[in-house]
Amino acid sequence: MTQPARPATIAAIATAPGRGGVGVVRISGSGLADFAQSLVGKPLKPRHAHYADFRSQDGELIDQGLALFFPAPHSFTGEDVLELQGHGGPVVMQMLLRRCLELGARLAEPGEFTRRAFLNDKLDLAQAESVADLIDAGSEAAARSALRSLAGAFSTEIHTLVEQLINLRMLVEATLDFPEEDIDFLEAADARGKLAGIHAQLKRVSRTARQGALLREGMHVVLIGQPNVGKSSLMNALAGEDVAIVTEIAGTTRDTVRELIQLDGVPMHIIDTAGLRETEDRVEQIGIERTWAAVGKADLALLLIDSREGITAHDQAILARLPEKLPRVHVFNKVDLTGEAVGHGEEDGHAVLRLSAKAGLGLDELKRTLLQMVGWGGSDAGVFLARERHLDAIRRASGHLHTAAQVWQQVELFAEELRLAQHDLSSITGEFTADDLLGEIFSRFCIGK
């Protein structure tokens, strides 16, 4: 019988590009004890830091640093892993990496170390994705949530649901051999009650996952309105600095200006846009076209209105063009000039805020409204980071459970809907995942991770 080929030995610089005090080259593969001795000239004791000379093929000194050897299976990837910690200059790191390639390694692909950890059952797929999410975390709240996912909080929730589904499926499929008694048997076993309990638990996990998705992805909030209603002033007030030019000249903002801010740990991508009006200026027309493009991608729109004029026919025309399902807040700005009270309310089914961006009045209420509008629960306690594919799998599983509740008296259909729900949930942790999806996921990791 032909033996399967051993995975190739891979190597990569694991630290960020540029200069630093320390740089790390990581190697993973099989039989790295000899590889390490060829590089450092002495055997390495497992899981101990050895001060060593890193030498080229002809014995010339490349660098001096620490070498750590982690034999399989007790390593991040589940294979032999060697880490070389040297001085963090880019030239030194490249010389050290080149020496590893001379010894038989090849350059690692993006995410290949973590992919091997997944394939060797060191991490499930949700945990593997949280490695990249932890690196990319844009706030402390996002980092804490990514770490919870890496520790297995999300996976534990999914495994619990899958286990409950398996138990219910065993109960249901056992009745298929006795069709004359199946309904009575399922009623006696409270199959519908068990299904309702699973569905309720899935809804709770879904709520937590949506909170995690907010921390990971953030929300895109677009500021729209006529020229000179204070969009750029509000942008600057939210950002805490002058990121957009403010003048009395209508049409000053001719392109979208983007700024990332943090509200209670939630990333908010605030987009200031060109004032919407009829114009013959070709440059301003391009800016207006980009405004509508930004609106099409937004999660929330803030329509700024001059409090002195109220909602005009031009504002009504803007509202008429907004996507029907796009949440929006009517922001009446410049209340410092009208003497109106700052505050929050609702008119015609839409949230309404009265504030003064220039005077800084009502900004805290605006921030609370933004968090409320995007569905933030107010705390990251217990939240695990989630991706859109996770939310999509949960939505599909929930749909199958809903259908199962409707067809439970048709036992074969009931069993099939439960199977599909289990399949969708298991795709989150990677028990049922197509190779092309794995390639897409890991290709977005950084090299060396």
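Because the structure is a prediction, the values reported are computed rather than measured.

Visitor: Let's hear about the sheet that holds strand E4 (residues 61-70): which residues, and what values?
Guide: Read from one edge to the other, the open sheet built from six strands follows the order E3-E4-E5-E2-E1-E6, with strand pairing classed as mixed. With one partner strand each, in any of the chains shown, strand E3 (50-55) and strand E6 (106-107) form the two edges of the open sheet. When strand E1 (residues 10-13) meets strand E2 (residues 20-29), the two strands line up antiparallel, connected through four bridges. Paired with Ala11 across the two strands is Ile27, which belongs to E2. Contacting E1, E2, E3, E4, strand E5 (80-88) and E6, helix H2 (residues 90-102) crosses the sheet at an angle of about 15° to E2.

Visitor: Please set out unusual backbone geometry residue by residue, giving values where relevant.
Guide: In this structure, the amide linkage connecting Ala72 to the following residue, Pro73, adopts the cis form with an omega of 0°. Relative to the assigned elements, Pro73 resides in the loop between E4 and E5. With phi around 55°, Asp264 is a residue other than glycine that occupies positive phi space. Within the element layout of this structure, Asp264 appears in the loop between strand E8 (257-263) and strand E9 (266-272). For Asp264, a relative accessible area of 45% translates into the label partly exposed.

Visitor: Explain the UniProt feature "binding site: Mg(2+)" (unreviewed entry) in the protein chain to me, using residue names and the numbers behind them.
Guide: In this numbering, the UniProt entry assigns the feature "binding site: Mg(2+)" (unreviewed entry) to Ser232 and Thr253. Within the secondary structure, Ser232 sits in helix H9 (residues 231-239). For Ser232, a relative accessible area of 9% translates into the label buried.

Visitor: Run through the sheet that holds strand E12 (residues 343-347), naming residues and quoting values.
Guide: Across the sheet, seven strands lie side by side as E8-E9-E7-E10-E11-E13-E12; this open sheet has mixed pairing. A single partner strand is all that each edge strand has here, and the edge strands are E8 and E12. Within the sheet, the average angular offset between the axes of one strand and its neighbour, ignoring direction, is 25°. Bridge count between strand E10 (residues 300-306) and strand E11 (residues 328-333): six bridges; the pairing is parallel. Paired with Ile305 across the two strands is Phe332, which belongs to E11. Packing of H9 onto the sheet brings it into contact with strand E7 (219-225), E8, E9 and E10, and relative to E8 it is tilted by some 40°.

Visitor: Please give an account of the packing of helix H4 (residues 125-136) against helix H5 (residues 140-150) that cites residues and values.
Guide: Orientation of H4 relative to H5, taken along the N-to-C sense of each, is 155°, at an axis distance of 8 Å. Classed by the angle they form, the pair H4 and H5 counts as roughly antiparallel. Once H4 is placed against H5, the crossing between them reads as left-handed. Residues Gln127, Ser130, Val131, Asp133 and Leu134 of H4 touch H5, and the partners they reach there are Ala143, Ala146, Leu147, Ser149 and Leu150. In the contact of H4 with H5, the residues fall into six nonpolar, three polar and one charged.

Visitor: Which residues make up the packing of aromatic side chains, and what are the values?
Guide: The description of an aromatic ring pair rests on the distance of the ring centres and on the angle between the ring planes. Overall, the coordinates contain one aromatic pair when judged by the stated rule. Residue placement shows Arg26 over the ring face of Phe113; its charged tip is 5.7 Å from the ring centre. Its end group placed over the ring of Phe332, Arg354 keeps NZ or CZ at 4.5 Å from the ring centre.

Visitor: Go over helix H11 (residues 313-321) with me, naming the residues and quoting the values.
Guide: Those residues of H11 that fall on the buried side of the exposure criterion are Asp315, Ile318 and Leu319. Take H11 and look down its axis: the buried residues cluster within an arc of 100°, on one side only. Facing away from the buried side of H11 by over 90 degrees, the exposed positions are Ala313, His314, Ala320 and Arg321. Where H11 begins, the capping side chain belongs to Thr312, and its oxygen is found 3.3 Å from the backbone nitrogen of His314.

Visitor: If you had to explain the environment of Lys194 to someone new, which residues and values would you point to?
Guide: With respect to the secondary-structure elements, Lys194 resides in helix H8 (residues 191-217). With 26 residues separating them in the primary sequence, Lys194 and Leu168 have C-alpha atoms 7.3 Å apart. Among all residues touching Lys194, those that are not within four sequence positions of it are Leu168, Leu171 and Ala189.

Visitor: Can you tell me about the pattern of salt bridges, naming the residues and giving the values?
Guide: In the structure shown here, the tally under the stated rule is 24 salt bridges. A single network of salt bridges, built from pairs that share partners, joins Glu129, Asp133, Arg216, Glu217, Arg387 and Arg389.

Visitor: Just give me the short version of the pairing of E9, but keep the residues and values in it.
Guide: Counted residue by residue, E9 has six buried out of seven residues, so it is predominantly covered. Sheet topology places E7 next to E9; five bridges connect them, and they run parallel. Considered in E9, the bridge of Leu223 is made with Asp272. Between E8 and E9, which follow one another and run antiparallel, lie two residues, and Asp264 among them has a positive phi close to 55°.

Visitor: Please set out the UniProt feature "binding site: K(+)" (unreviewed entry) in the protein chain residue by residue, giving values where relevant.
Guide: Here the UniProt feature "binding site: K(+)" (unreviewed entry) sits at Asn228, Thr247, Ile249 and Thr252. Assignment of secondary structure puts Asn228 in the loop between E7 and H9. Judged by relative accessible area, Asn228 falls into the partly exposed class, the value being 32%.

Visitor: Can you tell me about the packing of helix H14 (residues 388-406) against helix H15 (residues 411-429), naming the residues and giving the values?
Guide: In contact at an axis separation of 8 Å, H14 and H15 are set at 165° when each is read in the N-to-C sense. Classified by the angle between their axes, H14 and H15 sit roughly antiparallel to one another. Read as a crossing pair, H14 and H15 show a hand that is left-handed. Contact residues: H14 offers Arg389, His390, Ala393, Ile394, Arg396, Ala397, His400, Leu401, Thr403 and Ala404, while H15 offers Phe414, Glu417, Leu418, Leu420, Ala421, Asp424, Leu425, Ser427 and Ile428. In the contact of H14 with H15, the residues fall into eleven nonpolar, four polar and four charged.

Visitor: Quick one: what's the story with the environment of Ser30, residue by residue and with numbers?
Guide: Within the secondary structure, Ser30 sits in the loop between E2 and helix H1 (32-40). For the pair formed by Ser30 and Thr9, sequence separation is 21 residues and the distance between their alpha carbons is 6.8 Å.

Rules behind the numbers
- Residues numbered from 1 in each chain as written.
- Predicted model: local features only at pLDDT ≥ 70, side-chain atom pairs only at ≥ 80, totals over all residues.
- Heavy atoms only, no water.
- Pairing = 2+ DSSP bridges.
- Helix = DSSP H or I, 4+ residues; strand = E, 2+ residues; numbered from the N terminus.
- Contact = heavy atoms within 4.5 Å.
- Axes fitted to C-alpha atoms, helices over the stretch in contact; angles between N-to-C directions.
- Buried < 20%, exposed > 50% of the residue type's maximum accessible area, 1.4 Å probe, protein only.
- UniProt positions renumbered as here; feature names shortened; annotations may be inferred.
- Parallel < 35°, antiparallel > 145°, perpendicular 65-115°, else oblique.
- Left-handed = near helix turned anticlockwise from the far one by under 90°.
- Nonpolar A, V, L, I, M, F, W, Y, C, P; charged D, E, K, R; others polar.
- Phe/Tyr/Trp six-rings, centres within 6.5 Å; stacked < 30°, edge-to-face > 60°.
- Lys NZ or Arg CZ within 6 Å of the ring centre and 35° of its normal.
- Arc of directions from axis to C-beta.
- Polar contact = N/O pair within 3.5 Å; in protein donor to acceptor, adjacent residues only side chain to side chain.
- Salt bridge = Lys/Arg side-chain N within 4 Å of Asp/Glu carboxyl O.

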